[in-house]
Amino acid sequence: MSALLEVSDLRLQFGGVKAVDGLSFEVHAAEILAVIGPNGAGKTSAFNCISGFYLPTSGSVRFDGRNIVRPAPDFWHALRLVPLLQSFGFFRVLPSRVTKWGMARTFQNLRLFREMSVLDNVKTALHARLREGFWSTLLHTPGYRRAEEACVREARGWLDFVGYQGSEHLYVTQLPYGEQRRVEIARALATSPQLLLLDEPAAGLNFNEKQALMALIRRIRDLGVAVVLIEHDMGLVMKLAERIVVLNYGKEIADGTPEQIARDPLVIEAYLGVEEEAR
Ligand SMILES: Nc1ncnc2c1ncn2[C@@H]1O[C@H](COP(=O)(O)OP(=O)(O)OP(=O)(O)O)[C@@H](O)[C@H]1O
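- The name given to the protein in an unreviewed UniProt entry is ABC transporter ATP-binding protein, with the source organism recorded as Agromyces neolithicus.

Here it is, written out as structure tokens:
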């Protein structure tokens, strides 16, 4: 089976800092993969490159057979025109297009629309799919109203799916943190992704909320959606992930099942090193 996501030799440098240093891995349909590593290992930077938010220094990202990032030919590098061409969308794909292709994500620091209700936040993901034109929207034609009703039904369906039980009319800022996380996942699912990237979805959640999150991620996988999560909670990762990729100082140091990762000497050293420094 060919991979849904192929990341090859991905590199991202900020000045002298090699945030991502030669990362390669694959994700298959309906797979749960965790990306772990100590603070500053390059996990979020890698997510940002994969989802089109950052432009990597080099490497390639292929999603569902299409290039999100592809290396620019040497000719353009020689003319030093690559950054300029990339700013016009050459050799890269912008995040909005990546979402349309079927990749959705959530963020380490929630990025909900704070001045909108719960329902409207989820509807924003669906409006991108509405094909109603300017005049039908302005005049609220029957076609527009039908599309809008379908949009509301679907948004409610995703809120139910993630287990949101509060009022859909509340502003998201009125919700406890755990509920805001659910709404952000509902909004991501409303884009109908084949791949969902979750950046530290369990951060700030209590024990019960983490159990519910694990059950939710399994239900998302059961829909046929691949899930890649960055997570620091090792207990959760070991129970949930089918495969784990480990980063340290931007480099990939291991890729395997939870059992393989738990006894990998390089992984143990990376984590013990962190504990030693913390003492
Ligand atoms: N926009 C930026 N500008 C400069 N350096 C950055 C930027 N973003 C990240 N870095 C650096 O790149 C490295 C990797 O950071 P990144 O946030 O990707 O790590 P991480 O593994 O996600 O960390 P954490 O688990 O703490 O979220 C760090 O040294 C960080 O300081």
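### Section: the overall build of the protein
Move 1: Helices and strands together make up the secondary structure of the protein, namely twelve helices and ten strands.
Move 2: Summarising its shape, the C-alpha atoms of the protein cover approximately 60 × 55 × 35 Å along the three principal directions.
Move 3: The 279 residues of the protein split such that 34% are buried.
Move 4: Expressed as a percentage of contacts within the protein between residues at least 6 apart in sequence, the contacts between residues at least 24 apart total 68%.

### A look at the site of the ligand
Move 1: Within the structure, the ligand sits among Phe14, Val17, Ala19, Gly37, Asn39, Gly40, Ala41, Gly42, Lys43, Thr44 and Ser45.
Move 2: Elements with a minimum of two residues in the shell around the ligand: β2 (17-27) and α1 (43-50).
Move 3: Element by element, the count of residues in the shell around the ligand is highest for α1, at three residues.

### Topic: the domain arrangement of the protein
Move 1: Its domain assignment divides the protein into domain 1 (1-102 + 196-279) and domain 2 (112-192).
Move 2: For domain 1 and domain 2, the distance between their C-alpha centres works out to 27 Å.
Move 3: Between domain 1 and domain 2, the contact holds nine residues from the first and eight residues from the second.
Move 4: Sort the elements by how many residues they give to the side of domain 1 that touches domain 2 and helix α9 (residues 207-222) lands first, with four residues.
Move 5: The residue makeup of the side of domain 1 that touches domain 2, split by class, is six nonpolar, two polar and one charged.

### Notes on the sheet that holds β2
Move 1: Ordered in space as β2-β1-β4-β5, the four strands form an open sheet in which the pairing is antiparallel. Two strands lie at the open edges of the sheet, namely β2 and β5 (66-69), each paired on one side alone. Adjacent strand axes in the sheet meet at a mean angle of 25°, parallel and antiparallel pairs treated alike.
Move 2: In terms of strand pairing, strand β1 (residues 5-14) meets β2 through eight bridges, oriented antiparallel.

### Description of the sheet that holds strand β8 (residues 226-230)
Move 1: Taken in spatial order, the six strands of this open sheet run β6-β7-β8-β3-β9-β10, and their pairing is mixed. The open sheet has two edge strands, β6 (103-105) and β10 (251-256), and neither has a second partner. Going across the sheet, the axis of each strand differs from the next one's by a mean of 15°, ignoring polarity.
Move 2: Note: strand β9 (residues 243-248) against β10, five bridges, orientation antiparallel. Within the sheet, the bridge partner assigned to asparagine 248 lies in β10 and is lysine 251.

### Some thoughts on unusual backbone geometry
Move 1: Here the phi dihedral of aspartate 64 falls at roughly 50°; this positive angle occurs in a residue that is not glycine.
Move 2: Along the polypeptide, aspartate 64 turns up in the loop between β4 (58-63) and β5.
Move 3: One non-glycine residue, tyrosine 249, lies in positive phi territory at about 50°.
Move 4: Looking at where tyrosine 249 falls in the secondary structure, it is placed in the loop between β9 and β10.

### Describing the nonpolar core
Move 1: By size, the foremost hydrophobic cluster in this structure holds 71 residues, and its most contacted members are Cys49, Ala186, Leu195, Leu196, Val227 and Val228.
Move 2: When sequence neighbours within four positions are dropped, the list of residues in contact with valine 228 reads Val27, Leu33, Val35, Leu195 and Leu197.

### Things to note about the packing of helix α5 (residues 118-127) against helix α7 (residues 142-161)
Move 1: Where α5 contacts α7, the axes come no closer than 9 Å and their chain directions differ by 115°. As for the relative orientation of α5 and α7, their crossing is right-handed in sense. Along its contact with α5, which presents Val118, Leu119, Val122, Lys123, Leu126 and His127, the element α7 presents Cys151, Val152, Glu154, Ala155, Trp158 and Leu159.
Move 2: Looking at side-chain class alone, the contact of α5 with α7 contains nine nonpolar, one polar and two charged residues.

### Concerning the confidence of the model for the protein
Move 1: Of the residues in the protein, 92% reach a pLDDT of 70 or more, and the chain-wide mean stands at 89.
Move 2: Scored as a whole, the predicted complex attains pTM 0.88, and scored at its interfaces, ipTM 0.94.

### Details of the environment of valine 162
Move 1: Among the structural elements, valine 162 can be located in the loop between α7 and α8 (177-189).
Move 2: Take valine 162: there are 23 C-beta atoms within 10 Å of it, and that puts it in the buried class.
Move 3: With 58 residues separating them along the chain, valine 162 and isoleucine 220 place their C-alpha atoms 9.1 Å apart.
Move 4: Not counting the four nearest positions on each side in its chain, valine 162 is found in contact with Arg182, Ile185, Ala186 and Leu216.

### Topic: the pairing of β1
Move 1: Counted along the chain from β1 to the antiparallel partner β2, the turn is two residues long, and its residue glycine 15 has a positive phi close to 55°.
Move 2: Note: β1 against β4, five bridges, orientation antiparallel. When the sheet's bridge partners are listed, serine 8 is paired in β4 with serine 60.

About the criteria used
- Residues numbered from 1 in each chain as written.
- Predicted model: local features only at pLDDT ≥ 70, side-chain atom pairs only at ≥ 80, totals over all residues.
- Helix = DSSP H or I, 4+ residues; strand = E, 2+ residues; numbered from the N terminus.
- Buried ≥ 20, exposed ≤ 12 C-beta atoms within 10 Å, placed from the backbone.
- Contact = placed C-beta atoms within 7 Å.
- Near = placed C-beta within 6 Å.
- Domains from an automatic or database assignment.
- Nonpolar A, V, L, I, M, F, W, Y, C, P; charged D, E, K, R; others polar.
- Pairing = 2+ DSSP bridges.
- Axes fitted to C-alpha atoms, helices over the stretch in contact; angles between N-to-C directions.
- Core = buried A, V, L, I, M, F, W, Y, C linked by C-beta atoms within 7 Å.
- Left-handed = near helix turned anticlockwise from the far one by under 90°.
- pLDDT = per-residue confidence, 0-100.

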